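Understanding the architecture of this molecule
What follows is each chain in one-letter form.
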Amino acid sequence: ADAIAGRQQPSPARTPAAPGAPSRFRRSPPLAGWAMAMSRALNRLAGISTGVGIVGAALGASLYTVEGGHRAVMWDRINGVGEVVIDEGTHLRIPMFQYPITFDVRLKPRVIATRTGTKDLQQVTISLRVLARPQVDKLPSIYRSLGEDYYDRVLPSICNEVLKATVANYDAEQLLTLRERVSRQIREALSERADDFNLVLEDVSITHLAFGREFTKAIESKQVAQQDAERSKFVVAKAEQEKRAEIIRAEGEALAADLINKALGENREAVIAVKRIEAAKEIAATLAVSRNVTYLPGGASGGSSPNLLLSVGGARH
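What counts and how
Residues numbered from 1 in each chain as written. Predicted model: local features only at pLDDT ≥ 70, side-chain atom pairs only at ≥ 80, totals over all residues. Heavy atoms only, no water. Helix = DSSP H or I, 4+ residues; strand = E, 2+ residues; numbered from the N terminus. Buried < 20%, exposed > 50% of the residue type's maximum accessible area, 1.4 Å probe, protein only. Areas by Shrake-Rupley, 256 points an atom, 1.4 Å probe, with all protein chains shown as cover. Salt bridge = Lys/Arg side-chain N within 4 Å of Asp/Glu carboxyl O. pLDDT = per-residue confidence, 0-100. Contact = heavy atoms within 4.5 Å. Pairing = 2+ DSSP bridges. Axes fitted to C-alpha atoms, helices over the stretch in contact; angles between N-to-C directions.

The helix and strand inventory of the chain stands at seven helices and ten strands. In the chain, which comprises 317 residues, the proportion classed as buried is 20%. Accessible area of the chain: about 23200 Å², with a carbon and sulfur share of 56%.

Rendered as structure tokens:
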């Protein structure tokens, strides 16, 4: 009846085990106390570990690092983008409330190519190499207006604009002959234009300049014509010099002939005697090496017989 009524019957009291009863019916008070102490210690250690883990995770989420050559701006859920630019190093933040946005403030090279027309309506392909970086103190404004991809948003548009406006003021030939002047003008205009977007251009240079096929052929033809003209000038100058040399040579020969004639007119007999002596020397030299020729002087006894040259044949035995 009590069980049907839902009453809880008291459990019968356990009687202590008799001294001779088996060991499973007996309890060891020292072993039970040690187990309870170990359980409390493990629970306490688990609590401490959990706390340390939570603190470590919170601390790790609260720290962030700005690498070398970078700067950061802080965005929070209440004020948005802050005005303070954060330098390199490790800094604190409020997790899930503040988020740092880092920027690379080192110089970045960018090559931009465009095709445009010159003043004389020639098509030219020009490539421009730009070294740019953001203004560090303007990073919050850059992030608000342009975002993190500000290079891709700004440089292609302003470079194309400045290149086309500058190249249109020069002829195709002037782009070659006045290249340094054109590059300087592009750099000045591009730096002024980039300053509106808080960018600093450290270097701007023209790396490639190519013209259309027709203009290239015209330039080559002009160069060939100029070379031919220079060659013709050289030939004319050479002929002129040769003409002057011939005139000078003829004048020298005429002057020499006049001097010879004058000398002959004044000393005719002496000149003839000299010529006779020179001829005699040549004859004597020839006879000296000739065989079977004998010279017989005439008038050895005071007579008037001439000198004789005898050709004596060799005797045969």
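Moving on from the coordinates now.
A few words on the pattern of salt bridges. One pass over the structure, following the stated rule, counts eleven salt bridges. The partner of Asp-152 in a salt bridge is Arg-110, and the shortest N-O contact between them spans 3.1 Å. Placement of the pair is Asp-152 in helix 3 (residues 150–167) and Arg-110 in strand 6 (residues 108–117), with a sequence separation of 42 residues.

Looking now at the confidence of the model for the chain. The predicted model of the chain averages 78 in pLDDT, with 78% of residues at 70 or higher. Confidence drops under pLDDT 50 across residues 1–26; counting only partners more than four residues distant or on other chains, this segment forms seven contacts.

What follows concerns the sheet that holds strand 2 (residues 70–76). Within the open sheet, the three strands sit side by side as 3-2-5. Their pairing is antiparallel. With one partner strand each, in any of the chains shown, strand 3 (80–86) and strand 5 (98–104) form the two edges of the open sheet. On average, each strand axis in the sheet is tilted by 30° relative to the strand beside it, whichever way the strands run.

Turning next to the sheet that holds strand 8 (residues 199–211). With antiparallel pairing, the three strands of this open sheet are ordered in space as 6-7-8. Of all the strands in the sheet, the pair left with one neighbour each is strand 6 and strand 8. Pairs of neighbouring strands in the sheet enclose a mean axial angle of 20°, with direction left out of account. Examined bridge by bridge, strand 6 and strand 7 (residues 123–134) share ten bridges and lie antiparallel to one another. When the sheet's bridge partners are listed, Val-111 is paired in strand 7 with Arg-129. Running over the sheet, helix 3 touches strand 6, strand 7 and strand 8 and is turned about 40° from strand 6. The strands touched by helix 5 (residues 179–195) are strand 7 and strand 8; relative to strand 8, the strand with the most contacts, the crossing angle is about 140°.

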